[in-house]
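The lines below spell out each chain.
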Amino acid sequence: MSVVAARNGTPVEAPVAPPKVVRQRRIRPGLLGLAVLLIALGGLGAAFAVTSVRSTGSYLAVARPVEVGQQLTAEDLVPVRVSGGRELRPVPADRMKELLGLRAAVRLTPGTLLTPAQLTDAPLLGPGQQQIALGLAADQVPARELHPGDKVLLVSTPTAGTSGSDSARGGGTRFAATVIDTATPENGDVVVYLALAVRDVPAVVVLAADDRIALVLTEAA
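The structure displayed is predicted, hence computed values, not measured ones. Residue positions are given per chain, counting from 1 as you read along its sequence in written order. It should be noted that, the model being predicted, local features are given only for residues of pLDDT at least 70 and side-chain atom pairs only at 80 or more, the latter also being counted only at that level, while totals for whole chains, interfaces and linings use all residues. Note: side-chain values were computed over all heavy atoms of the structure, leaving out hydrogens and water.

Enquirer: Where do I start with the pattern of salt bridges in this structure?
Expert: What makes a salt bridge here is a side-chain nitrogen of Lys or Arg within 4 Å of a carboxyl oxygen of Asp or Glu, nothing more. Counted under the stated rule, the structure contains four salt bridges. As a salt-bridge pair, E98 and R95 come within 3.1 Å of each other at their nearest N and O atoms. R95 gets classed as partly exposed once you look at its relative accessible area, which sits at 32%. Put simply, R199 and D200 hold a salt bridge, and the shortest N to O gap is 3.9 Å. Looking at D200, the relative accessible area reads 14%, which means it is buried. A simple rule labels every residue: compare its accessible area, found with a 1.4 Å probe on the protein chains alone, to the largest value its type can have, and call it buried under 20%, exposed over 50%, or partly exposed in between.

Structure follows, in C-alpha cells:
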C-alpha cells in the first residue's frame, strides 16, 4: 500500500508503515485468585476490628476479697474496660449504685468480673432463725478463719466430773447453725455470730453459759 506525497511539487508514492499491534497481557488465574483472597481477608479484618470496638464495654470487677454474705460497698468494686465480655454477662459499670448493699452469694475474688448470679438480696438470717453470739478461745475455733455462710454444728459437751454412762446420756446434742460474721476482740478470743433455729436458741444459750458447747465446721462456704 502506498500514498501520494509531494516532493518539490512533484507527486511521488511513499510506503505506509503498518500500525503497531499491542499484545494484551494475559492475567494468570492464580494471581487473580490471590488478589481476590487478599481483598476478602482485608474486608474480614476490617469487620473484625469494627466488631471488637463495638463489643468493648465498661464492666464491674472485684477490687478486694468479699466473703459470702458480706454487703457490697463502692470500695469492693472497680470499673474496667473489657473487649468481647458480653458472653460472660458481667454487670455494666453504670449499675454500681444498684448493687451497693446487696450481699455476696459466693466468695468474690479480686480481679474477676462481677456477674448478677454472684449477688443476692436475701439475708443470711432466714425465716424462723435468730442470731446468737458465741465467745470461743482461739483453740476452740475449728478453722483458722470462719467465713459468713460456713455451715457449723454445735455439739453439747458433758458437765465436769461426769463419766461413763452419765456422760453418754448428758452430752452429744447437736444443733445446726450458719456463720453470719466473726470478730476478734483484743483478748485473742473469737466471737462467732450464728444464725440458729428459734427452737434451739434457749438450749444453746444455756450450754454456752456453762461452757458446755463445741463448734464443728461441717461445710465451708
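Alright, that's what it looks like, and here's the rest.
Enquirer: I would appreciate a short explanation of unusual backbone geometry in the present structure.
Expert: Note: most peptide bonds trans; most residues except glycine with negative phi. Although it is not a glycine, D211 adopts a positive phi angle of roughly 55°. Strands are runs of DSSP state E lasting at least two residues, helices are runs of H or I lasting at least four, and both sets are numbered from the N terminus onward. Tracing the backbone through its elements, the reader meets D211 in the loop between α4 (201-209) and β11 (213-219). Look at D211 and you get exposed, because its relative accessible area is 57%.

Enquirer: Where do I start with the nonpolar core in this structure?
Expert: Across soluble globular proteins, you tend to see nonpolar side chains buried next to one another. Residues belong to a common nonpolar core when they are buried Ala, Val, Leu, Ile, Met, Phe, Trp, Tyr or Cys residues joined through side-chain atoms within 4.5 Å. Of all hydrophobic cores here, the largest spans 19 residues; its most connected members are I132, L154, V192, L194, L196, V204 and L215. When contributions to this core are tallied by element, the ones reaching two or more residues are β7 (129-136), β8 (151-156), β9 (174-183), β10 (190-197), α4 and β11. Sort the elements by how many residues they give to this core and β10 lands first, with four residues. Pairs of residues are marked as contacts when any of their non-hydrogen atoms sit within 4.5 Å. What V192 contacts, discounting residues up to four positions off in sequence, is I132, A133, L134, L136, L146, V179, D181, T182 and L215. Residues V66, L72, V91 and L108 belong to the second largest nonpolar core, which totals 13 residues.

Enquirer: What should I look at first to understand α4 in this one?
Expert: Note: α-helices contain 3.6 residues per turn, so residues at a spacing of three or four share the same orientation. All of the buried residues in α4 are V201, V204 and L207. Projected onto a plane normal to the axis of α4, the buried residues spread over an arc of 130° and lie on a single side. The exposed set on the far side of α4, more than 90 degrees from its buried face, consists of P202 and A209. For α4, the elements touching its buried residues are β7, β8, β9, β10 and β11. After α4 finishes, the residue D211 shows a positive phi value of roughly 55°. As used here, the arc belongs to the directions running from the helix axis to the C-beta atoms.

Enquirer: Looking at this structure, I do not really get the pairing of strand β3 (residues 57-62). What am I missing?
Expert: Along any regular strand the residues' side chains alternate between the sheet's two faces. The buried count for β3 comes to five of six residues, which makes it a mostly enclosed element. Two strands form a pair only when DSSP identifies at least two bridges running between them. When β3 meets strand β4 (residues 77-82), the two strands line up antiparallel, connected through six bridges. The residue bridging A61 from the neighbouring strand is V78, located in β4.

Enquirer: Would you mind going over the sheet that holds β10 with me for this structure?
Expert: Sheet strands associate in pairs through backbone hydrogen bonding, adopting either a parallel or an antiparallel arrangement. Strands sit in the order β7-β10-β9-β8-β11 across an open sheet of five strands; the sheet is antiparallel. Of all strands in the sheet, those with a lone pairing partner are β7 and β11, marking the two edges. Across the sheet, the mean angle separating the axes of adjacent strands is 40° when strand polarity is ignored. As judged from the six bridges shared by β9 and β10, these two strands associate in the antiparallel manner. Residue T178 lies in a different strand from β10, and its bridge partner there is A195. In this analysis an axis means a line fitted to C-alpha atoms, helices contributing only their contacting stretch, and an angle means the value between N-to-C directions, from 0 to 180 degrees.

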